[in-house]
Amino acid sequence: MTDAVAERYDRFAREEARGRSEVYAEWAAGVATDDLVQAVLERLTPQQRQPPLVFAVSRLLGAPVGGYRRWREFVLAHADELVAECTRRGVQINEPLRLAALLPALSLIEGPIALLELGAAAGLCLYPDRFSFRVDGPDGILRRRLDPPEGPSPVLLTSTVSGELPELRLPEVSWRAGIDLDPIDVRAPADRAWLESLIWPGEHERSERIAHAMGVVAADPPLLRAGDAIEQLETMADAAPAEATLVVTTPGMLVYLPRPRCAQLIDRIRALDARWITIDPPALHDAWRPAIDPAAFRGFAVALDGRVVADADPLGRWWEWRAGIGPDAA
């Protein structure tokens, strides 16, 4: 078991944290060679001891953001509290920039739309009509900018796009709702603190973006339902206004489901009178129509009703148009 913990944290330090958060890279590298800290983490399941969750929980509990030695002292002194908190929480990557990758699919749907996100966390990805989008070329030169009708948003989502640029437009959202096992209410100080702790140290631009997005959400909160997505899906779909097109989104949540549950949820979505937008690892499921070759993607597949429209960074930092389809073909 100790070898598994050491290997996971060593891999995280080398492949995931380096270049993104030097603090987390140092912490993970330290855990990889620290028997005492590894013994604490062995009390957790593999899902509960993943580095981003352990580090976020430790910061929520008061761990200092600095060198490994001070973080280690905190963990060993608060081991029971850390284990208990990690047991009841999960990673909730509520990154509004992900909407930049979903925008090509959203642009293919006529409004008004009723937007229902599965795995919504705080619902920061339910406001594509309230945010501004900037599309740059690989050279950094502006190719397209979209702002809400009322003017530029404090939330500016910037992505890099190479190749063909399809028609893009902000959707007309008349209703927004989400389902999550543990919804986050950005109006509650404790929930805001948890969402902030999920931002990696050093991600200053992301921190500013999420802070502005929380302000937008707090001013007009979505309908958030706690529960299992499969169990709550039909009830929430029935609550959507009949005059709007229901659009169900699964941005980055299917990867957390066992494959049979993932297939079951997709079948439930397809049984609805709704459109479905997702962004997933190409090999995650077999719901692509037509089938795709995962090796042909450098990122995640973005799809509308299973038909791939883009290859994209999972957090929306870049995307590439992959479909010459219009609304009728979609």
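A short tour of the structure in this document, coming up. Bear in mind that the values here come from a model prediction, so they are computed numbers and not experimental data.

1. Digging into helix 4 (residues 51-60)
At 3.6 residues per turn, the α-helix brings residues three or four places apart onto the same side.
Inference 1: By the criterion of burial, helix 4 is predominantly enclosed, with nine of the 10 residues buried.
Inference 2: All of the buried residues along helix 4 are Pro51, Pro52, Leu53, Val54, Phe55, Ala56, Val57, Ser58 and Arg59.
Inference 3: Just downstream of helix 4 lies glycine 62, where phi reads positive at about 115°.

2. Considerations on the sheet that holds strand 7 (residues 245-251)
Inference 1: Sheet architecture is open: 11 strands sit in the order 3-2-4-11-10-9-8-7-1-5-6, paired in mixed fashion. Two strands close off the open sheet at either side, each with one partner strand: strand 3 (142-146) and strand 6 (223-226). The sheet shows a mean angle of 25° between the axes of neighbouring strands, taken without regard to direction.
Inference 2: The pairing of strand 10 (residues 307-312) with strand 11 (residues 318-321) spans three bridges and is antiparallel. Paired with aspartate 311 across the bridge in strand 11 is glutamate 320.
Inference 3: Together, strand 1 (113-118), strand 7 and strand 8 (275-280) form the strand contacts of helix 11 (residues 259-270), whose direction differs from that of strand 8 by roughly 155°.

3. A closer look at unusual backbone geometry
Inference 1: Note that the residue after glycine 111, namely proline 112, is joined by a cis bond; omega there is 0°.
Inference 2: Following arginine 289, the chain continues into proline 290 via a peptide bond in cis, with omega recorded as 0°.
Inference 3: Examined against the element boundaries, proline 290 turns out to sit in the loop between strand 8 and strand 9 (300-304).
Inference 4: The backbone of aspartate 305 shows a phi angle near 55°, a positive value even though the residue is not glycine.
Inference 5: Looking at the element boundaries, aspartate 305 is found in the loop between strand 9 and strand 10.
Inference 6: A relative accessible area of 22% places aspartate 305 in the partly exposed class.

4. Focus on the side chain of asparagine 94
Inference 1: Residue position: asparagine 94 is located in the loop between helix 6 (79-88) and helix 7 (98-106).
Inference 2: Overall, asparagine 94 belongs to the buried group, its relative accessible area being 3%.
Inference 3: From its side chain, asparagine 94 meets the backbone oxygen of alanine 120 in a polar contact 3.4 Å long.
Inference 4: Of note is the side chain of asparagine 94, whose polar atom sits 3.0 Å from the backbone nitrogen of alanine 122.
Inference 5: Once residues within four sequence positions are removed from consideration, asparagine 94 is found in contact with Ala120, Ala121, Ala122, Gly123, Leu124, Cys125, Leu195 and Ile210.

5. Regarding the packing of helix 4 against helix 8 (residues 189-197)
Inference 1: At a minimum axis separation of 8 Å, helix 4 and helix 8 run at an interaxial angle of 135°. Considering the angle they form, helix 4 stands oblique to helix 8. For the pair helix 4 and helix 8, the crossing hand works out as right-handed. Along the contact surface, helix 4 presents Leu53, Ala56, Val57, Arg59 and Leu60, while helix 8 presents Ala193, Trp194, Glu196 and Ser197.
Inference 2: A per-class count over the contact of helix 4 with helix 8 returns six nonpolar, one polar and two charged.

6. A short note on the pattern of salt bridges
Inference 1: By the definition in use, this model includes 25 salt bridges.
Inference 2: Close ionic contact of glutamate 203 with arginine 206 constitutes a salt bridge, the shortest N to O distance being 3.1 Å. For the pair glutamate 203 and arginine 206, a shared accessibility class is recorded, and that class is buried.
Inference 3: Salt-bridge contacts for glutamate 320 lead to arginine 322; the nearest nitrogen and oxygen are separated by 3.9 Å.
Inference 4: For glutamate 320, a relative accessible area of 24% puts it in the partly exposed group.

Definitions and limits used
- Residues numbered from 1 in each chain as written.
- Predicted model: local features only at pLDDT ≥ 70, side-chain atom pairs only at ≥ 80, totals over all residues.
- Heavy atoms only, no water.
- Buried < 20%, exposed > 50% of the residue type's maximum accessible area, 1.4 Å probe, protein only.
- Helix = DSSP H or I, 4+ residues; strand = E, 2+ residues; numbered from the N terminus.
- Pairing = 2+ DSSP bridges.
- Axes fitted to C-alpha atoms, helices over the stretch in contact; angles between N-to-C directions.
- Contact = heavy atoms within 4.5 Å.
- Polar contact = N/O pair within 3.5 Å; in protein donor to acceptor, adjacent residues only side chain to side chain.
- Parallel < 35°, antiparallel > 145°, perpendicular 65-115°, else oblique.
- Left-handed = near helix turned anticlockwise from the far one by under 90°.
- Nonpolar A, V, L, I, M, F, W, Y, C, P; charged D, E, K, R; others polar.
- Salt bridge = Lys/Arg side-chain N within 4 Å of Asp/Glu carboxyl O.

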